[in-house]
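Structural characterization, general
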Amino acid sequence: MQAIMSTDAKKALKMQTVNILIGPILCCLILLLPQPAGLPAVGMRAIAGTAWIVAWWMLNYFSLAGTALLTIGIYTLLGVMSPIEMFKNFGGITPMIIFGSTLLIGTWIESKFIQRYAYWCMNRPIVDNSPTKFLILFGLSCGLLSILVPNIPLSALFTAIAVATAEGLDIKPGQSNLIRIMCMVAGMAACYGGIGSPMGGAPNLVTIGYVDKFAHYQVEFWQWTLLGLPAALICLFALFFIAKIMFPAKSNEKKSLPVPREYLNEKLKALGPVSTYEHVAVIIMLVALFLWITGPFIANASGIKFLKGVFSVPGVAFLTGVSLFIIPRGIDKEKGKFIFSMDWKQAEKNIGWAIMCMVVGGLIIGDAMQAGGVDKWLSGLLSEWLKNVPGSIVWFAIVLVSALLSQFLNNFAVMAVFTPIAIHLGNTLGFNPVAAAISIGMVSNIGVMFPFSSTPIAVSITGAKDYASIGDYAKLGFIICVVGSAIVFACAYLLAPLAFPDVIPASVQ
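Attention here is on the structure that accompanies the text. Within every chain, residues take consecutive numbers counted from 1 along the sequence as written. Given that the model is predicted, a residue must reach a pLDDT of at least 70 before its local features are reported, and side-chain atom pairs must reach 80 or more before they are shown or counted; all residues, however, enter totals for whole chains, interfaces and linings. Values shown for side chains rest on all heavy atoms present in the structure; no hydrogens or waters enter the calculation.

1. Overview of the pairing of strand β1 (residues 328-332)
Only strands joined by at least two bridges in the DSSP assignment are considered to pair. Under the DSSP-based scheme used, a helix requires at least four consecutive residues in state H or I and a strand at least two consecutive residues in state E, with every element numbered from the N terminus. Bridge count for β1 against strand β2 (residues 337-340) is four bridges, and the pairing is antiparallel. In the strand pairing of β2, Pro 328 is matched with Phe 340.

Below is the structure:
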């Protein structure tokens, strides 16, 4: 017998229908507007299509990855680009980086090395029952891991550790500001640590793709890390400092840590002895890191052109990732067979298919903006308006605006608009265009104010179970967003000559 839809269900269905229609309606309204001077007709259609995609991303009625793939259909429908042109992005360097790196990270997840590392760090004698030291080590454990490990599972893991600690000690919501801060730091440190290396988040990989497209420059692993690692570390310590000021310790936790060492010891014992699988996972990742850092120097010193591709970021990621299928981690003595570090069932579960689709969608948006001449039109307008403003101030303004918009808009959409603009303005106004683009990618990682700002924050807010409120995240998130923007800009501005000595803006060539 068919169920009768309730009144509330009917209202919800109507609201969903209206929200779904917002995207195409917004697109049509933009197409009806007068065409600005200097913007080609295809550029107007590119803006309209992008508005449609961003509206659906913000309303989140469809999956982010699914909406990203719909960019192909939307831009084709509007006549911005042909599907064949957009399909090329699936075979680009960025998807290959994601494919290989998520295989590597999968061994960390499957072997449970991530959990062991987290509990081991928090159980170090250096903590010495100090709440401040514990908080710093807790946040650094999450933040440093997020340099290489996906931030969503880290946010979930460390928020769960904070809540489980409180519940195990019978601490109720509102009784401990330390637990409150731990919940917020779990989500925010996962985001801020992610700016430390190209592997730290999908926005980093999209940015590398944009730099390759718009600046015709391939960013190496060590170059990003030279800028990103100092910025990540300073941002993490700034996060601890600001959180402690905004949410001071309660009387019972000012000097003594409410987390007994026995609790952490039990968690470590439950994981058992370090397995061969964990050793293999760590060794392969260390090999990949070594080649990411030293590979370009080895290739250049050898003079063999072939090695430049092998030791590039995508080359190392892909080759080390697929090598897991043939590297044994043990023997099945009953069947007399090797057990390999990765099988296809594990690969299907761990390869970042959704991330890959979102990245491709972001790259397609960038292509559409370029095909429509939107990037040059916007940069031309801004260049005219800002021609008497020092380039460094313009650069910082773009970074700050990008960071603030990333709190409300999908970060891929923010990067699609502002990365090409930063590159064009850098060439026009004389600041380093590659470093400027990377700084945009970095601050696009730090959507930390609201559940819709980023998935790690949504996961953290959901998992906090009232130990930290949405208002807490918003207040701390706004302050650290502004401070983080200044830190990222300062690191990129000061370290750009070291990381990119061969990049000379067009205006000073």
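Structure shown, so let's carry the discussion forward.
2. Topic: the packing of aromatic side chains
Aromatic contacts are taken between Phe, Tyr and Trp rings whose centres are within 6.5 Å, Trp giving its six-membered ring; a plane angle under 30 degrees counts as stacked, one over 60 as edge-to-face, and the others as tilted. Inspection of every chain in the model, using the stated rule, returns 16 aromatic pairs. A ring pair is formed by Trp 52 and Trp 56, whose centres lie 5.6 Å apart and whose planes are at 85°; its orientation type is edge-to-face. Remark: Trp 56 and Trp 52 occur in helix α2 (residues 41-59); sequence separation between them is four residues, near one turn of the helix. Exposure is judged per residue with a 1.4 Å probe applied to protein chains only, and the accessible area is read against the type maximum: over 50% gives exposed, under 20% gives buried, and values in between give partly exposed. Overall, the relative accessible area of 12% leaves Trp 52 in the buried class. Centre to centre, the rings of Trp 108 and Phe 113 are 5.0 Å apart; their planes meet at 75°, and the pair counts as edge-to-face. Put simply, the rings of Trp 395, Phe 396, Phe 431, Phe 489 and Tyr 493 pair up and form one aromatic cluster. Comment: the charge-over-ring label is applied if NZ (Lys) or CZ (Arg) is within 6 Å of the ring centre and within 35 degrees of the ring normal. The side chain of Arg 329 reaches across the aromatic face of Tyr 277, ending 4.0 Å from its centre.

3. A closer look at the nonpolar core
Counting residues in hydrophobic clusters, the biggest one holds 166 residues, and the most contacted among them are Trp 292 and Phe 500. The residues contacting Phe 500, other than those within four sequence positions of it, are Tyr 217, Val 219, Gln 223, Leu 227, Asn 432, Val 434, Ala 435 and Ile 438. Remark: nonpolar core denotes a set of buried residues (Ala, Val, Leu, Ile, Met, Phe, Trp, Tyr, Cys) joined through side-chain atoms within 4.5 Å. Contacts: residue pairs with any heavy atoms within 4.5 Å of one another.

4. Regarding the environment of Asn 265
The topology assignment puts Asn 265 in helix α12 (residues 261-270). Taking the C-alpha atoms as reference, Asn 265 lies 8.5 Å from Trp 120; in sequence the two are 145 residues apart.

5. Here's the deal with the packing of helix α10 (residues 202-215) against helix α20 (residues 411-429)
Here, axes are lines fitted to C-alpha atoms. For helices the fit covers the stretch in contact, and angles between N-to-C directions go from 0 to 180 degrees. At a minimum axis distance of 10 Å, the contact between α10 and α20 shows a crossing angle of 35°. The crossing of α10 and α20 is right-handed. For the pair formed by α10 and α20, the contact residues are Ala 202, Pro 203, Val 206, Thr 207, Tyr 210, Val 211, Phe 214 and Ala 215 on the first element and Asn 411, Phe 412, Met 415, Ala 416, Thr 419, Pro 420 and Ile 423 on the second. For the contact of α10 with α20, the class distribution of residues is twelve nonpolar, three polar and no charged. When the near helix sits turned anticlockwise from the far one by under a right angle, the crossing is termed left-handed; a clockwise turn instead gives a right-handed crossing. Under the grouping applied here, Gly and all other residues not named as nonpolar or charged are polar, the nonpolar ones being Ala, Val, Leu, Ile, Met, Phe, Trp, Tyr, Cys and Pro and the charged ones Asp, Glu, Lys and Arg.

6. Notes on helix α15 (residues 313-323)
Within α15, eight of the eleven residues are buried, which leaves the element mostly enclosed by the surrounding structure. Within α15, the full set of buried residues consists of Val 313, Pro 314, Gly 315, Val 316, Ala 317, Thr 320, Gly 321 and Ser 323. Close packing links the buried residues of α15 with α5 (93-111), α11 (221-246), α13 (276-302) and α14 (305-310).

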